[in-house]
Structures are given as structure tokens and as C-alpha cells.
Amino acid sequence: MGELSGLANRFDCFIFDLDGVVYRGSRPLPHAIETLKLLHAHGREVYFLTNNSGHTRQQYAEKLCRMGFTAEPEQFITSAWVTGLYLQEHLPNARVFVVGEPGLKQELEGFGFELAEEPDQCLPDAVVVGIDRQFSYQRLAQAQSAILRGARFIATNTDATYPAEDRLMPGAGAIVSAIATATGKSPVVLGKPNPAILTTFLSHHPVLMERTLLVGDRLDTDIALANLLHIPSALVLTGVAQKTDLENAPIEHLPNWVLNDLSGLLTDGVDSLLIHALPNRV
Ligand SMILES: [Mg+2]
């Protein structure tokens, strides 16, 4: 393991959230790409973990390549991909009505699932809901009808917001809530903080959990998941959570470290402030 300074030298494996951590929209965040490159150059394993179901793993790899960091699709753990794994296990051969974007549909088609385009005519086995920036009253009514007639209600994630370039935008959770309200049903939620999004992945990768750092910008998803799995975590202040959010956060949402941006991984001192450590952690 090559020598690095700061937190980066204490871990072999880094799992980064994407929105608000590596980039906002199409804009890389300050020092993000340089930090990823440095970690890779020093032999660290780098993975990405996103609740955003809008793109396939291949598309995420291409996006980071365009920003200057070369990554393989296998380095991305997405809520869309985990939804495919879940359906494969629990509803094999399902016909699926997707309230979501092309990336989610492509990911599920890649698992071999048939997509139901006209759910009113032929009842699908499941309604899968993710971020859908073309969401409409008609889609809401179709999802409602299918779920009330017995289709399983599955949410890729329930993030209330996600950080775009200059503002927060409504996340998949806002759409999931609309469907939950219209049906009176609660979905199975597969994204963070459900540990399933990471335990499936970790079971295939011989990574020492105590030498892995999870880096995210949301307390209620990224950091909550890390704490559930007893993985050390760092909150980066370039996305949703602000420093003041830490004051009222429950202990299970508190990270070990807070960084102003990803360069804080490489520096000792004020930029990597240790705020909280449980006895069984670093
Ligand atoms: Mg994020």
C-alpha cells in the first residue's frame, strides 16, 4: 500500500457516494477527481455507491471517464442494479412497470426482465419506482392502479432530494410518496440506508470492512448505512448535509469525520475533523 497522508493512509478501500460527493449534475466537485486519481495511483480500491437510479452502471462509468477518472462498470453499486438483483431473487421472470428513467429500464432489461408499457391492460408483477424527471399524473394513475390490483410496490430509494449544480431538486422519494399516498401502501425500499445495497456487493468482494471508509453527503442514507454496517464514515459538505445538520442529528446518523471536500481525505488536521468515534471503530 503506497504512502498517503491523512485519512487516506488509514484505509485500503473507499466507497464514495456520487451526487454531492464526486459531482453535482455534470460538474465535478472541487478536488474530487484529483483525489480519486491519487487513491487509485496508490493502490487503493475505489467503489461508488449511489441511490440515483437514473443511469446504468455503464453510464456512470462513462460519466466519470468524461470527468477524467477511468472506472469500470463493476465499480458502481447502484440502486437500479440492486433492484435487479432483488427481483432476480424474489420475483424471477417478473413483468415490471417502471416509473423511472431510461437508465433504470435498461438496467432491469439487462437482467432479462420484461417491461410492462401498458399496465392498465396487463397487470405487471411489480411496480418499480425511481427518479423520473418526466413523472406525470398519468404515470401516477397507472402505478396506483397496478399496485391496488396486486402488483408489488418497490422503490429504488426514497431520497427526498438530490443536489443538482446550483440547487436541490426533488428526489425519487417525492415520487414514491405520491404513489404511497395514492395507494395507501408502503414500498419495499432497496437503496441506502437498506444494508442490502452493500451487503450483496461486499459478499462478492474480499474487502476488510474495518479498512473500508464510506464517504457520503447525506446523513440519513450514506452515514446511516455506514453505521448500520459498522463501517467508518466521512461526511463531505459539498452536497445535501450542512455542518449545522450535525447538531440535531440522531447518533446513528453521525459520521466519524467531516470533510469540507474530498481533498480532506489527504490532509491531517482541521479539514478532517473527528467528531465521533464508537469504541468498536477506528
Ligand atoms: Mg449524495
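Residues numbered from 1 in each chain as written. Predicted model: local features only at pLDDT ≥ 70, side-chain atom pairs only at ≥ 80, totals over all residues.

Regarding the overall build of the protein chain
Then, in step 1: When you go through the protein chain residue by residue, the secondary structure sums to eight helices and 16 strands.
Then, in step 2: Over its C-alpha atoms the protein chain spans a radius of gyration of 19 Å, differing by no more than 12% from the 19 Å that the globule rule assigns to 282 residues.
Then, in step 3: Counting only C-alpha atoms, the protein chain reaches 60 × 40 × 35 Å along its principal axes.
Then, in step 4: Each of the 282 residues in the protein chain was classed as buried or not, and the buried ones make up 49%.
Then, in step 5: Taking the intrachain contacts of the protein chain between residues at least 6 apart in sequence as the baseline, contacts between residues at least 24 apart amount to 67%. (Helix = DSSP H or I, 4+ residues; strand = E, 2+ residues; numbered from the N terminus. Rg over C-alpha atoms; globule rule 2.2 N^0.38 Å. Buried ≥ 20, exposed ≤ 12 C-beta atoms within 10 Å, placed from the backbone. Contact = placed C-beta atoms within 7 Å.)

Structural notes on the environment of Glu101
Then, in step 1: Counting through the fold element by element, Glu101 comes out in the loop between β6 (95-99) and α4 (102-110).
Then, in step 2: Sequence spacing of Glu101 and Thr238 is 137 residues, and the spatial spacing of their C-alpha atoms is 25 Å.
Then, in step 3: For Glu101, the contacting residues outside a window of four places in its chain are Gly54, Gly130, Ile131, Asp132 and Arg133.

Description of the pairing of strand β1 (residues 13-16)
Then, in step 1: Summarising the sheet, β1 and strand β4 (residues 45-50) pair through four bridges and their orientation is parallel. Directly across from Phe14, in β4, lies its bridge partner Val46.
Then, in step 2: Taken together, the four bridges between β1 and strand β13 (residues 212-216) define a ladder with parallel strand orientation. Its bridge partner lying in β13, Phe14 is registered against Leu213. (Pairing = 2+ DSSP bridges.)

Points about the sheet that holds strand β7 (residues 114-115)
Then, in step 1: Across the sheet, which stays open at both edges, the five strands sit in the order β7-β6-β8-β9-β12 with parallel pairing between neighbours. Every other strand in the sheet has two partners, leaving β7 and β12 (188-189) as the edge strands with one partner each.
Then, in step 2: Sheet analysis places β6 next to strand β8 (residues 126-129), joined by four bridges and oriented parallel. Paired with Phe97 across the bridge in β8 is Val127.
Then, in step 3: Running over the sheet, α4 touches β6, β7 and β8 and is turned about 165° from β6. (Axes fitted to C-alpha atoms, helices over the stretch in contact; angles between N-to-C directions.)

Details of helix α8 (residues 219-228)
Then, in step 1: The element α8 is extensively covered by neighbouring structure, given that eight of its 10 residues are classed as buried.
Then, in step 2: Every buried residue of α8 is listed here: Leu219, Thr221, Asp222, Ile223, Ala224, Leu225, Ala226 and Asn227.
Then, in step 3: For α8, the elements touching its buried residues are α7 (196-203), β13 and β14 (233-236).

Some words on the nonpolar core
Then, in step 1: Judged by nonpolar contacts, the single largest core of 79 residues is most densely connected at Ile77, Val96, Val127 and Val129.
Then, in step 2: Each of domain 1 (6-51 + 193-274) and domain 2 (80-189) accounts for three or more of the residues forming this core.
Then, in step 3: Setting aside chain neighbours within four positions, we find Val96 in contact with Leu87, Leu108, Phe113, Leu115, Ala116, Pro124, Asp125, Ala126 and Val128. (Core = buried A, V, L, I, M, F, W, Y, C linked by C-beta atoms within 7 Å. Domains from an automatic or database assignment.)

Let's talk about helix α1 (residues 32-41)
Then, in step 1: Looking only at α1, the buried set comprises Ala32, Thr35, Leu36 and Leu39. In a view along the axis of α1, the buried residues occupy a sector of 100°, so they form one face of it.
Then, in step 2: Positioned one or two residues after α1, Gly43 has a phi angle of 80°, which is positive. (Arc of directions from axis to C-beta.)

Focus on the domain arrangement of the protein chain
Then, in step 1: Domain annotation for the protein chain reports domain 1 (6-51 + 193-274) and domain 2 (80-189).
Then, in step 2: A C-alpha centroid distance of 27 Å is found between domain 1 and domain 2.
Then, in step 3: Contacts between domain 1 and domain 2 engage 13 residues on the former and 11 residues on the latter.
Then, in step 4: Top contributing element to the side of domain 1 that touches domain 2 by residue count: α7, with three residues.
Then, in step 5: Its residues assigned to classes, the side of domain 1 that touches domain 2 comprises three nonpolar, seven polar and three charged. (Nonpolar A, V, L, I, M, F, W, Y, C, P; charged D, E, K, R; others polar.)

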